[in-house]
Amino acid sequence: MSDESMKHGHSGHEVEFEREDLGTRAVFVFMIGLAIFGVVTYFIVVAMYSFSRSLRAFAHGHRQPAGHFEGSDVACGHAGDMDKAFKDNGAPMLETNERGQFRDFLMNQEKQLRSYGWVDEKDGVARIPIERAMELIVQRGLPVYPQGSADAKTKTAMASKAPAPSAGKGKSSVQ
């Protein structure tokens, strides 16, 4: 190999670096200018929002509602008016009380687990309280079929449609 390829393309000159540094004055001027620009931008945005809010209130012919809070998306009208407008339009509603709705859902589930009622009255399928269902399983036991029996599925299907001993008239099933 030649000597030139060993020097990686340098032709014998020394490698140098830039000897000037960035002045501190230029850095401070830039930082102060950036801060002033940020403050001016803030005031412009605030002025635009207040102008937009007053223009919207003028267009609707009334002042801001008493329940209006600064920074909220509801600039005119009350939440009830908005809900009515969306319901009339058929739009889905946002949850406004998630904890209350979830609590109501759980209470409804608990009520169903602890009460008697019809699951499908036409087919005679009823539900019973979970405690009572556990008592009946303890008393009667679970049906046991030999493993691999071809009739196991048929027997299970027939047992679910068979009348319960205490049901009286009609067919019923416990779910």
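Computed from a predicted structure; not experimentally measured. (Residues numbered from 1 in each chain as written. Predicted model: local features only at pLDDT ≥ 70, side-chain atom pairs only at ≥ 80, totals over all residues. Heavy atoms only, no water.)

A closer look at the pairing of strand β1 (residues 117-120)
Note: β1 against strand β2 (residues 125-127), 3 bridges, orientation antiparallel. Counterpart to glycine 117 in the pairing with β2 is arginine 127. Hairpin connection from β1 to β2: 4 residues lie between these consecutive antiparallel strands, with glycine 124 at a positive phi of about 75°. (Pairing = 2+ DSSP bridges. Helix = DSSP H or I, 4+ residues; strand = E, 2+ residues; numbered from the N terminus.)

Some words on the pattern of salt bridges
By the definition in use, this model includes 4 salt bridges. Ionic pairing is found between arginine 114 and glutamate 110, a salt bridge with its closest N-O pair at 2.4 Å. Overall, glutamate 110 belongs to the partly exposed group, its relative accessible area being 32%. By sharing partners, the salt bridges in this structure join Glu110, Arg114 and Glu131 into a single network. (Salt bridge = Lys/Arg side-chain N within 4 Å of Asp/Glu carboxyl O. Buried < 20%, exposed > 50% of the residue type's maximum accessible area, 1.4 Å probe, protein only.)

Digging into the side chain of serine 115
For serine 115, the location among the structural elements is in the loop between α4 (98-113) and β1. Assessed through its relative accessible area of 19%, serine 115 is described here as buried. In this structure the side chain of serine 115 is engaged in a polar contact, spanning 2.8 Å, whose partner is the backbone oxygen of lysine 111. At 3.5 Å, the side chain of serine 115 and the side chain of arginine 127 are in polar contact. Not counting chain neighbours up to four residues away, the residues in contact with serine 115 comprise Arg127, Ile128 and Pro129. (Polar contact = N/O pair within 3.5 Å; in protein donor to acceptor, adjacent residues only side chain to side chain. Contact = heavy atoms within 4.5 Å.)

Observations regarding the environment of leucine 136
Secondary-structure assignment places leucine 136 in helix α5 (residues 130-140). If near-sequence neighbours (up to four positions away) are discounted, leucine 136 is found in contact with Ile128 and Gly141.

A closer look at the confidence of the model for the protein chain
For the protein chain, per-residue confidence averages 75 on the pLDDT scale, and residues scoring 70 or more make up 65% of the total. This model gives residues 164-173 a pLDDT under 50, and the stretch forms 15 contacts once residues within four places in sequence are excluded. (pLDDT = per-residue confidence, 0-100.)

Regarding the environment of glutamine 112
Inspection of the secondary structure puts glutamine 112 in helix α4. Residue glutamine 112 is classed as partly exposed on the basis of its relative accessible area of 35%. A C-alpha to C-alpha distance of 7.7 Å links glutamine 112 and proline 129, two positions 17 residues apart in sequence.

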